[in-house]
Amino acid sequence: QVQLVESGGGSVQAGGSLRLSCVVSGYTYCMGWFRHAPGKEREGVEAIDTVGGFYADSVKGRFTISQDNAKNTLYLQMNSLKPEDTAMYYCAADQRRCSLTAYNYDYWGQGTQVTVSS
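Since the structure is predicted, the reported quantities are computational estimates derived from the model, not experimental observations.

## Thoughts on the nonpolar core
- In this structure, Leu-4, Trp-33, Leu-76 and Tyr-89 are the most contacted members of the largest nonpolar core, which totals 27 residues.
- Contributing elements (two or more residues each) for this core: strand 3 (18–25), strand 4 (30–36), strand 5 (43–48), strand 7 (63–68), strand 8 (73–78), strand 9 (87–94) and strand 11 (112–117).
- Core analysis: the second largest hydrophobic core is formed by six residues, Cys-30, Ala-92, Cys-98 and Tyr-105 among them.

Here it is in structure tokens:
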């Protein structure tokens, strides 16, 4: 019912920036970004619905989520990147609610790798 395709990952130096994109097809109420680093649990980064957004304290002031409805695309602008931001980043969608809890989301993209070096 819903398909998601991420892109925009890569390798950057600490302090650099990346812009992740997620093209979505099908109806969604909420879309979010999550990340999963080796040895750690999957973490909710930011999510957005029709009225507002949710964010993790670890990325507040550095990452910004946005949505372009005309292009059916979700973005994550990542600034002031740190080595601890290194992870596989996933775009996800839910049709009923909005949160930063990964288990609530029914649809996921394939992921895009972000690597930040010192």
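## Side note on the pattern of salt bridges
- Applying the stated criterion to the full structure yields five salt bridges.
- Here Asp-94 ties to Arg-96 by a salt bridge, and the two come within 3.7 Å at their closest N and O atoms.
- With relative accessibility at 0%, the residue Asp-94 sits in the buried group.
- Where salt bridges share partners, they join Arg-35, Glu-43, Arg-62 and Asp-85 into one cluster.

## Observations concerning the state of the cysteines
- Overall, the coordinates contain two disulfides when judged by the stated rule.
- Each disulfide pairs two cysteine sulfurs, and for Cys-22 the partner residue is Cys-91, the sulfurs being separated by 2.1 Å. Disulfide Cys-22 to Cys-91: torsion about the S-S bond roughly -75°, handedness left-handed. Linking Cys-22 in strand 3 with Cys-91 in strand 9, this pair joins segments that are 69 residues apart in sequence. The same class applies to Cys-22 and to Cys-91, which are both buried.
- Across the disulfide from Cys-30 sits Cys-98; the S-S distance is 2.1 Å. Taking the torsion about the S-S bond as the criterion, the Cys-30 to Cys-98 disulfide, at about 50°, is right-handed.

## Section: the pairing of strand 11
- Only one face of strand 11 is covered, namely the one carrying Thr-112, Val-114 and Val-116; the face carrying Gln-113, Thr-115 and Ser-117 has none of its residues buried.
- Examined bridge by bridge, strand 2 (residues 10–13) and strand 11 share four bridges and lie parallel to one another. When the bridges of strand 11 are listed, Ser-11 appears paired with Thr-115.
- In the sheet, strand 9 pairs with strand 11 via three bridges, with the strands oriented antiparallel. Counterpart to Tyr-89 in the pairing with strand 11 is Thr-112.

Reading the values: the criteria
- Residues numbered from 1 in each chain as written.
- Predicted model: local features only at pLDDT ≥ 70, side-chain atom pairs only at ≥ 80, totals over all residues.
- Heavy atoms only, no water.
- Core = buried A, V, L, I, M, F, W, Y, C linked by side-chain atoms within 4.5 Å.
- Buried < 20%, exposed > 50% of the residue type's maximum accessible area, 1.4 Å probe, protein only.
- Helix = DSSP H or I, 4+ residues; strand = E, 2+ residues; numbered from the N terminus.
- Salt bridge = Lys/Arg side-chain N within 4 Å of Asp/Glu carboxyl O.
- Disulfide = S-S within 2.5 Å.
- Pairing = 2+ DSSP bridges.

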